[in-house]
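The residues making up each chain are set out below.
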Amino acid sequence: MDLQAKANNRNVIFLVIVAALGYFVDIYDLVLFSVVRVQSLTEIGVSQANMQSDGFLIINSQMFGLLLGGILWGILGDKLGRIKVLFGSILLYSLANIANGFVTSVNSYAIIRFIAGIGLAGELGAGITLVAETMDKEKRGYGTMIVGAVGLLGAAVAATVAAEFTWQTSYFVGGGMGLVLLLLRVGTFESGMFKHAANQTEVSKGNIFMLFNNWKRFSKYLYCILIGIPLWFVVGILVTLAPEFGKALGATEPLKAGTGIMFTYFGIAIGDVVTGLLSQVLKSRKKTVFIFHLLSVASVVVYLTSFGLTGSNFIWICLFMGFSVGYWATFVTIASEQFGTNIRATVTTTAPNFVRGALIPITFLFEFLTHKYGLITAGYLVMGILTLIAMFGLSQLKESFNKDLDYLEE
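Analysis parameters
Residues numbered from 1 in each chain as written. Predicted model: local features only at pLDDT ≥ 70, side-chain atom pairs only at ≥ 80, totals over all residues. Heavy atoms only, no water. Domains from an automatic or database assignment. Contact = heavy atoms within 4.5 Å. Buried area = accessible area lost by both parts, 1.4 Å probe. Salt bridge = Lys/Arg side-chain N within 4 Å of Asp/Glu carboxyl O. Polar contact = N/O pair within 3.5 Å; in protein donor to acceptor, adjacent residues only side chain to side chain. Helix = DSSP H or I, 4+ residues; strand = E, 2+ residues; numbered from the N terminus. Buried < 20%, exposed > 50% of the residue type's maximum accessible area, 1.4 Å probe, protein only. Phe/Tyr/Trp six-rings, centres within 6.5 Å; stacked < 30°, edge-to-face > 60°.

Engineer: Break down the domain arrangement of the chain for me, with residues and values.
Structural biologist: When its domains are assigned, the chain resolves into domain 1 (1-189) and domain 2 (214-398). If you average the C-alpha positions of domain 1 and of domain 2, the two centres end up 19 Å apart. Listed per partner, the contact involves 47 residues of domain 1 and 43 residues of domain 2. Summing the contributions of domain 1 and of domain 2, the shared interface buries around 3800 Å²; its carbon and sulfur component is 68%. Among the residues of domain 1 in contact with domain 2, Phe56, Met63 and Leu152 are the three that bury the most area, contributing 15% of the side total. Summed over the shared surface of domain 1 and domain 2, the result is one salt bridge. Of the charged contacts in the structure, one is a salt bridge between Glu244 and Arg37, with a shortest N-O distance of 3.6 Å. At the boundary of domain 1 and domain 2, one finds seven residue pairs in polar contact (both at pLDDT 80 or more). For the side of domain 1 that touches domain 2, the secondary-structure elements that each account for two or more residues are helix H1 (3-43), helix H2 (51-79), helix H5 (123-134) and helix H6 (140-164). Of the residues forming the side of domain 1 that touches domain 2, the biggest block, 14 residues, is contributed by H2.

Engineer: Describe unusual backbone geometry, and please don't skip the residues or the numbers.
Structural biologist: Trans peptide bonds make up most of the peptide bonds, and negative phi angles are found at most residues other than glycine. With a phi angle near 55°, Lys283 is a residue other than glycine that sits in the positive phi range. For Lys283, a relative accessible area of 52% corresponds to the exposed category. Of note, Asn402 is a non-glycine position whose phi angle comes to about 65°, a positive value. Checked against the element boundaries, Asn402 lands in the segment after helix H18 (375-396).

Engineer: Let's hear about the packing of aromatic side chains: which residues, and what values?
Structural biologist: Within this structure, the stated rule accounts for 20 aromatic pairs. For the pair Tyr109 and Tyr171, a centre-to-centre distance of 6.2 Å together with 75° between the ring planes defines the contact as edge-to-face. With Tyr109 in helix H4 (residues 106-120) and Tyr171 in helix H7 (residues 167-185), this residue pair connects regions lying 62 residues apart in the sequence. Taking the relative accessible area as the measure of exposure, Tyr109 reaches 0% and is therefore buried. Each ring, one from Trp328 and one from Phe331, has its centre 5.0 Å from the other, and the planes form 45°; the classification is tilted. Placement of both Trp328 and Phe331 in helix H15 (residues 328-337) is noted, with a separation of three residues, approximately one turn of the helix. The pair Trp328 / Phe331 is uniform in exposure class, with both members buried. Three or more aromatic residues joined by ring pairs form one cluster here, namely Phe212, Trp215, Phe218, Tyr221, Phe339 and Phe354.

Given below as structure tokens:
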């Protein structure tokens, strides 16, 4: 191997490490509210009666920020470059998380989580796009697998920090880690595919309307989004509302959302490694995600039938549920591989954030069904509906394993 090849390999390894650490901080900040929800809302004066409704207001504000931020950073990623998006998004969510430690009301909490959501929207899409465009097509699945697995451990660290320190300090730690990460970003390099596309001035770049002015592109984009929606229902509702589900299941002790989040994300991290390896073995991302959709249904059934649940059983069930929805990095990789370089960052950044944003209507549906049928039945119904939708979307996409990504959308 010549010196240039060795240097390129070092650059790629460094890029994967930095992207993984970036996603680590991103996930830490993304799930932190779910971890400190009860503690932080109690301390700012929210009553027990309003705990769930005010919590939904704040998490939906964050998700709406992710939705808008996904569009913003995705377009900028294709117009200005993937690296600039990484810098801008990290700076915004780091400062927002520091500000979050000073909130004293539900409204200020919601506004700052909205701003943080905008910042958090740019990290994963830009990182996955960079890795996918930089690594060999036969090996890029390993790169995105590492990004996903390391990144998702950020949730475990969020739960650990929150257990040891105040909720304010937990937000300060998240903001501080993001600012430290900015220093590491200085050594990263831009995607060669993006540079090549940037030189072609006649090609439209970062034009989100290209996803809507052509039925074939639009439907493909919609199917990419649909395959990821069950994951956020599991994390955003089934685990986040662990205290409420614990009461409905007659748990032997109060269930803690922070504990559930931590072990769910441990499971997701393991699942991300397994899905990455399995997709390489099967040479199919579609078959891999299909298998894990079936597993996720089984895990939710186990959760919702666990009457008399103990704290230790809850941990194992969260690990199982997390593992079964551990196809997040593979899902984002599929989205990245479906489109050309000139709108790839737009797709890869917006798709996961539209999935996250889908938690808003899913929350409304869940609340409606809860009032009508009760918490447990609502959990079954929503999971069943979302899984059928996800499997339909998956069935409509073409296999993208080993696909050459050096092309443009016209």
